[in-house]
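The lines below spell out each chain.
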Amino acid sequence: MPQLFRGWDRLRNSSRNIGLHHLVSEDQYFSFVRDFASQVLSVIAARKPGASVILEKTPHNALVWRDIARVFPEAMFLHIVRDPRAVVASLCAARREWARGSWIPKTITRKCELWRKHVTSATQAKATGRYHEVRYEDLREPATLRGIFSFFGIDRTDGECESIIENYAIDKLRGEDAASPWPLSSEPRAFFRRGEVDGWRRELSPGVIATIEASLGQLMAAHGYEVQRRWTVRQHLSVRFTRSSDGVRKFLRRRIEALI
């Protein structure tokens, strides 16, 4: 739904002074947006009668949480942070095996920036006072899952959480009878990987790991991830130069497109 927000802002600020804001107020417009979103969520809720919480887990939500909070002031935000080294390994595998030519950036530095952008934006949702953060690597701990349930006002015992973790093991998700709104067996063959927390240690080269840690080290530490080694000033400068070069290329591409 982001285009509904951007479209309103774009037309409202248009030099031609055209748009829906001549017909409806901003409050009216966003009430329309809320009505549409509520209808979609009600369809989701109908799939499980008696459910008290709807979880909408589109990753892009991390970048548009302000829009979500604007439409649903009562919305709660569960932020699952994953080790960027594992994220980069997963993105590389996806681009290589089943998501060719998609939204996944080509370079390691751009993959790092994708992680930085999403994590930084999502963390700012703390300002709502309805924010809970967990690490992806801790999700198999009953206490972590119980904490998530508690955040949403749902009481679950450690035993119940252990049962849930077992029922949703990655091997079972590959099966035909997995509990899912759509048949997970129809996903690309390589969609489900090993499900290992530290598989990146085997999959990434030392150079790639160095690039990730030099680029994201401070943000990793803020979320409890330790880097493998201390990087020299030269290595940090190398990563900064690469990121700057990416920025220059993006700027030049935008200027050329504008001229065309």
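A brief structural summary. Being a predicted model, the structure only gives us computed values, none of them experimental. (Residues numbered from 1 in each chain as written. Predicted model: local features only at pLDDT ≥ 70, side-chain atom pairs only at ≥ 80, totals over all residues. Heavy atoms only, no water.)

**Some remarks on the packing of aromatic side chains**
For any pair of aromatic rings, the description consists of the separation of the ring centres together with the inter-plane angle of the planes.
Then step 1. In the structure shown here, the tally under the stated rule is six aromatic pairs.
Then step 2. Aromatic side chains W8 and F30 sit 6.2 Å apart centroid to centroid with 65° between the ring planes, which places their arrangement in the edge-to-face category. Within this pair, whereas W8 is found in helix α1 (residues 2–12), its partner F30 is found in helix α2 (residues 26–46), the two being separated by 22 residues in sequence. Note on accessibility: W8 and F30 belong to one class, buried.
Then step 3. The interplanar angle of 85° and the centroid separation of 5.2 Å between the aromatic rings of Y29 and F30 together place this pair among those described as edge-to-face.
Then step 4. The exposure class of Y29 is buried, given its relative accessible area of 9%.
Then step 5. We classify F30 as buried; its relative accessible area is 8%.
Then step 6. Joined through ring pairs, the aromatic side chains of F5, W8, Y29 and F30 make up one cluster.
Then step 7. A cation sits over an aromatic face here: R135 above Y225, 4.7 Å from the ring centre. (Phe/Tyr/Trp six-rings, centres within 6.5 Å; stacked < 30°, edge-to-face > 60°. Helix = DSSP H or I, 4+ residues; strand = E, 2+ residues; numbered from the N terminus. Buried < 20%, exposed > 50% of the residue type's maximum accessible area, 1.4 Å probe, protein only. Lys NZ or Arg CZ within 6 Å of the ring centre and 35° of its normal.)

**Here's the deal with the packing of α1 against α2**
When two helices pack together, their arrangement is given by the angle between the helix axes and by the axis-to-axis distance.
Then step 1. Close contact between α1 and α2 brings their axes to 11 Å; oriented N to C, the two are set at 160°. The orientation of α1 relative to α2 falls into the category roughly antiparallel. Here the hand of the crossing between α1 and α2 comes out right-handed. Contact residues: L4, F5, W8 and R12 in α1; E26, Y29, F30 and V33 in α2.
Then step 2. Class assignment of the residues belonging to the contact of α1 with α2 gives a composition of six nonpolar, no polar and two charged. (Axes fitted to C-alpha atoms, helices over the stretch in contact; angles between N-to-C directions. Parallel < 35°, antiparallel > 145°, perpendicular 65-115°, else oblique. Left-handed = near helix turned anticlockwise from the far one by under 90°. Contact = heavy atoms within 4.5 Å. Nonpolar A, V, L, I, M, F, W, Y, C, P; charged D, E, K, R; others polar.)

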